[in-house]
Amino acid sequence: MNTRRDFLHKLTASAIALPVLSAFNSQEKKYAPAKKYDGPVLRVAICGLGSYGTRVADAMRDCKQAKLVGAVSGTPSKLTDWQSKYGIPAKNCYNYETLDEIKNNPDIDAVYVTTPNSLHKPLILRVAKTGKHAISEKPMAVNAKDAQDMVDACKKAGVKLLVGYRMHFEPKTLEVIRMRKAGEMGKILFFQGLTGFRIGDPTQWRLNKQLAGGGSMMDIGIYAINGARYMVGEDPIWVTAQETKTDHEKFKEGVDETITFQFGFPSGAQASCLSSYNMNNLDKFFLNGEKGWAEMVPSTGYGPIKGRTNKGELDFPHVTHQTVQMEEFSAILLQGKQPPVPVDGEEGVKDMKIIDAIYAAVKSGKKEKLNL
Ligand code: NAD
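Numbers given for residues are sequential positions, taken from 1 along each chain in its written order. Owing to the predicted nature of the model, reporting of local features is limited to residues with pLDDT of at least 70; listing and counting of side-chain atom pairs is limited to 80 or more, with chain, interface and lining totals taken over all residues. Only hydrogens and water are set aside when side-chain values are computed; all heavy atoms of the structure are taken into account.

Caption draft 1: Just the sheet that holds strand S10 (residues 270-276), in detail. Pairing between strands requires that DSSP locate at least two bridges from one strand to the other. Helix and strand definitions here come from DSSP, where helices need a minimum of 4 consecutive H or I residues and strands a minimum of 2 consecutive E residues; each element is numbered from the N-terminal end. Within the open sheet, the nine strands sit side by side as S14-S13-S12-S11-S7-S10-S9-S8-S15. Their pairing is mixed. Each edge of the open sheet carries a strand with a single partner, namely strand S14 (312-313) and strand S15 (368-369). Most of the contacts of helix H7 (residues 171-181) go to strand S12 (residues 293-296), to which it runs at about 165°, and overall it touches strand S7 (188-196), strand S11 (282-289), S12 and strand S13 (307-309). Residues are treated as being in contact if the distance between any of their heavy atoms lies within 4.5 Å. Note on geometry: axes are C-alpha line fits, over the in-contact stretch for helices, and angles between N-to-C directions span 0 to 180 degrees. Sheet strands in contact with helix H9 (residues 216-232) are S7, strand S9 (258-264), S10, S11 and S12, and its direction is about 160° off that of S7.

Caption draft 2: Representation of the pattern of salt bridges within the structure. By salt bridge we mean one thing: a side-chain nitrogen of Lys or Arg within 4 Å of a carboxyl oxygen of Asp or Glu. This model, assessed by the stated rule, comprises 22 salt bridges. Close ionic contact of Asp-107 with Arg-43 constitutes a salt bridge, the shortest N to O distance being 3.9 Å. Of this pair, Asp-107 sits in the loop between strand S3 (93-94) and strand S4 (110-113) while Arg-43 sits in strand S1 (residues 42-47), placing them 64 residues apart in sequence. Judged by its relative accessible area of 30%, Asp-107 is partly exposed. Between Arg-178 and Glu-175 there is a salt bridge, with its nearest N and O atoms 2.9 Å apart. Here Arg-178 and its partner Glu-175 are both found in helix H7, three residues apart, which amounts to about one turn of the helix. For every residue, the accessible area (1.4 Å probe, protein chains only) is compared with the maximum for its type, and the residue is labelled buried under 20%, exposed over 50%, or partly exposed between those bounds. Overall, the relative accessible area of 10% leaves Glu-175 in the buried class.

Caption draft 3: Local environment of the site of the ligand. Nearness is defined per residue: one heavy atom within 4 Å of the molecule or strand is enough. Taken together, 23 residues lie near the ligand, and Ser-51, Tyr-52, Asn-117, Arg-166 and Trp-205 sit nearest. What qualifies as a polar contact is a pair of N or O atoms within 3.5 Å, subject to a donor-acceptor requirement within protein and to the restriction that residues adjacent in sequence count only when both atoms come from side chains. With respect to the ligand, the backbone of Ser-51 contributes an N or O atom lying 2.8 Å from an oxygen atom. Take His-120: an N or O atom from its side chain is 3.0 Å from an oxygen atom of the ligand. For the ligand, whose free accessible area comes to 840 Å², the fraction covered by protein is 77%. At the level of elements, helix H3 (51-59) and H9 are the ones that each hand at least two residues to the shell around the ligand. A 1.4 Å probe and the Shrake-Rupley method give the accessible areas. Residues count as covered only by the protein chains that appear here.

Shown next as structure tokens:
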């Protein structure tokens, strides 16, 4: 029987090579079950056992190349819950005081930090010192300097640093990238990225400048920034941006509610994007070239991602993003695989430089130059 697990294995075992991936259409069942995986397995500890950490842990149940083996939390009851829920041994559980002792644990290869944004940097610096590979959730930091410090620290420690850019492994997204790279859309002229949702509880950390580092841009706008780069296939050279704030109580100083922003690319292509914490139904990418186009709605949610191009519907099976991401992270960290779209710390630094420039452009009202 060709199960989803087999499909995931096939997807990842085939290194998500684009030519191979393009063969994965809705006739998934015609492919033979994948062979049993007997390669190296990435043993991961998750640090910050909140909602996204739990999503990753659940998704890792379907992984063959990665395994959840450890946990880091400041809440003892969460650690005991995770021990029974995910079969994690007590000896692989740590709190924020004992985290550094992971260096003496030969059964953990990597630590995946899924805490609020501003804690990524201090925790990744500590992870680097343990000699384990480091994985940071997005945004990797709250500004480009901190992000660069993380890259430097991991380099110095001789460990790899990856950022949880799960869309970089999503099949429909990869097919659009393949089409664009193959020239099937001709010269790229324009990208539109709309990202946002109406945020609830005003007391949550996402609305706390100290923990979030900003507002919607840090959390959801980063998908349009990162998406503009992988869809257009270039890094922007300038940015302009405008902020709208309707609720100064909920969105305090330094916490952006809604920002529209525009990029210019070296080829002359342009992008127009929106990031908001005050509107629902915002999850859309549109890429326009001289010979073709792609539209994805939804474009960055947990899926199923839906899309069509000038050639018709994008017909690829839905995958659990976090499962494929962790399989691919294993191949990158343990086997030196090069992903089709980078997910390393340098990639994260670029997005942070752009966020810094967007905030600067909001303040200056001017076109800010970018040198990525
Ligand atoms: P969350 O609030 O559900 O979880 C955060 C966890 O960090 C909690 O377990 C909390 O106890 C812990 N924590 C440790 N120190 C803390 C402190 N000083 N203050 C507050 N909490 C502290 O948040 P989340 O939604 O899981 O987001 C965590 C990270 O994951 C964020 O960086 C977010 O951007 C990212 N994320 C990524 C995706 C994605 O699709 N890639 C989706 C959601 C969240």
